[in-house]
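Chains, contacts and geometry: an overview
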Amino acid sequence: MSIEKIVEQALQDGYLTPVMEAEVGRICDNAVELSIEEYMALDRLMGALLTGEVVAVSRKQFINVMEELVLTEAIARVAEIEATSESSLDVGDIAAYALNRLPPLYATTEEGANYQRQRAKAELQELIVQQVGAAIVRNIDRPNDDRTPVGGGKSTNEMLLGQVSALLQAYAPHFEEKTQSQQ
């Protein structure tokens, strides 16, 4: 999208979104020289921002408190294991595995983050410990050289068909029996 179109959209909507702002920045950074039209559009945008005709939507910063809780638990457990054995574990893999099985706990302020931490420690600490433990067991049972790349050599269609088939078997194990008896 061009600077002119972005400015036109911002003037029409009355808002300059973070995505629009980033795109203008990217265009300006990559351009050797801006055209007169681009300078004029940027000038119109600046004027509209100064008068309040266009409002810049702030980038909302947020954190997932669950990530820090899982990482803290994973690092402590991995350090224990690596200190007492020859095993070398991947903290990133362990954290990702556990996080995929735990609810996210997002916050936008430090106060909200503190609330989420307290809530998680009171209600979810045992579940966090269990999921990190399961991730460690899985990581130990599956050495680094035994990992299959995404796709595992199969075509995307074969993988998708296998995944859909597995889902259907898990969620509708008796579907074919019902379908055949209705015929």
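Residues numbered from 1 in each chain as written. Predicted model: local features only at pLDDT ≥ 70, side-chain atom pairs only at ≥ 80, totals over all residues. Heavy atoms only, no water.

Per the secondary structure count, the chain includes nine helices and four strands. Relative to its 183 residues, the chain shows a buried fraction of 24%. Sequence separation of 24 or more characterises 72% of the internal contacts of the chain that already satisfy a separation of 6 or more. Surface summary for the chain: the accessible area is close to 13,200 Å², and the carbon and sulfur share equals 54%. (Helix = DSSP H or I, 4+ residues; strand = E, 2+ residues; numbered from the N terminus. Buried < 20%, exposed > 50% of the residue type's maximum accessible area, 1.4 Å probe, protein only. Contact = heavy atoms within 4.5 Å. Areas by Shrake-Rupley, 256 points an atom, 1.4 Å probe, with all protein chains shown as cover.)

Here we come to the packing of aromatic side chains. Going through the model one piece at a time under the given rule, you end up with one aromatic pair. Between Phe62 and Tyr106, the ring centres sit 5.6 Å apart and the planes meet at 80°, which makes this aromatic pair edge-to-face. Taken as a pair, Phe62 in the loop between β2 (55–56) and β3 (63–64) and Tyr106 in strand β4 (residues 106–107) lie far apart in primary sequence, 44 residues in all. A cation sits over an aromatic face here: Arg101 above Tyr97, 3.6 Å from the ring centre. (Phe/Tyr/Trp six-rings, centres within 6.5 Å; stacked < 30°, edge-to-face > 60°. Lys NZ or Arg CZ within 6 Å of the ring centre and 35° of its normal.)

Now for helix α2 (residues 18–30). Its 13 residues give α2 an end-to-end C-alpha distance of 18 Å, which sits within 8% of 18 Å, the value for a rise of 1.5 Å per residue. Along α2, the residues classified as buried are Met20, Val24 and Ile27. When α2 is viewed along its axis, its buried side chains cluster within an angular range of 65° and face the same direction. In this structure, α2 carries Val19, Asp29 and Asn30 as exposed residues pointing more than 90 degrees from its buried face. Where α2 is buried, its residues touch α1 (3–13), β1 (15–16) and α3 (36–51). (Expected span 1.5 Å × (residues − 1). Arc of directions from axis to C-beta.)

Let's shift gears to the environment of Glu38. With respect to the secondary-structure elements, Glu38 resides in helix α3. Considering only alpha carbons, one finds Glu38 and Lys5, 33 residues apart in sequence, at a separation of 9.9 Å.

Moving on to the nonpolar core. Membership of the largest hydrophobic core comes to 20 residues, with the highest contact counts inside it found for Met66, Val70, Ile94, Ile128 and Val132. Going through the elements one at a time, α4 (65–84), α5 (91–99), α6 (110–123) and α7 (125–141) are the ones with two or more residues in this core. Ranked by residue count, the leading element in this core is α4, at six residues. Leu11, Leu16, Met20 and Ala41 belong to the second largest nonpolar core, which has 14 residues in total. (Core = buried A, V, L, I, M, F, W, Y, C linked by side-chain atoms within 4.5 Å.)

For residues with low pLDDT, the predicted coordinates do not support detailed interpretation. Of all residues in the chain, 77% have pLDDT values of 70 or greater, and the mean over the chain is 82. In this model, residues 148–153 is a region of pLDDT below 50 whose contacts with residues beyond four sequence positions or in other chains number two contacts. (pLDDT = per-residue confidence, 0-100.)

Our next topic: the side chain of Gln131. Mapped onto the fold, Gln131 is located in helix α7. A relative accessible area of 16% means that Gln131 is categorised as buried. Setting aside residues up to four positions removed in sequence, Gln131 forms contacts with Tyr97, Ala98, Arg101 and Leu102.

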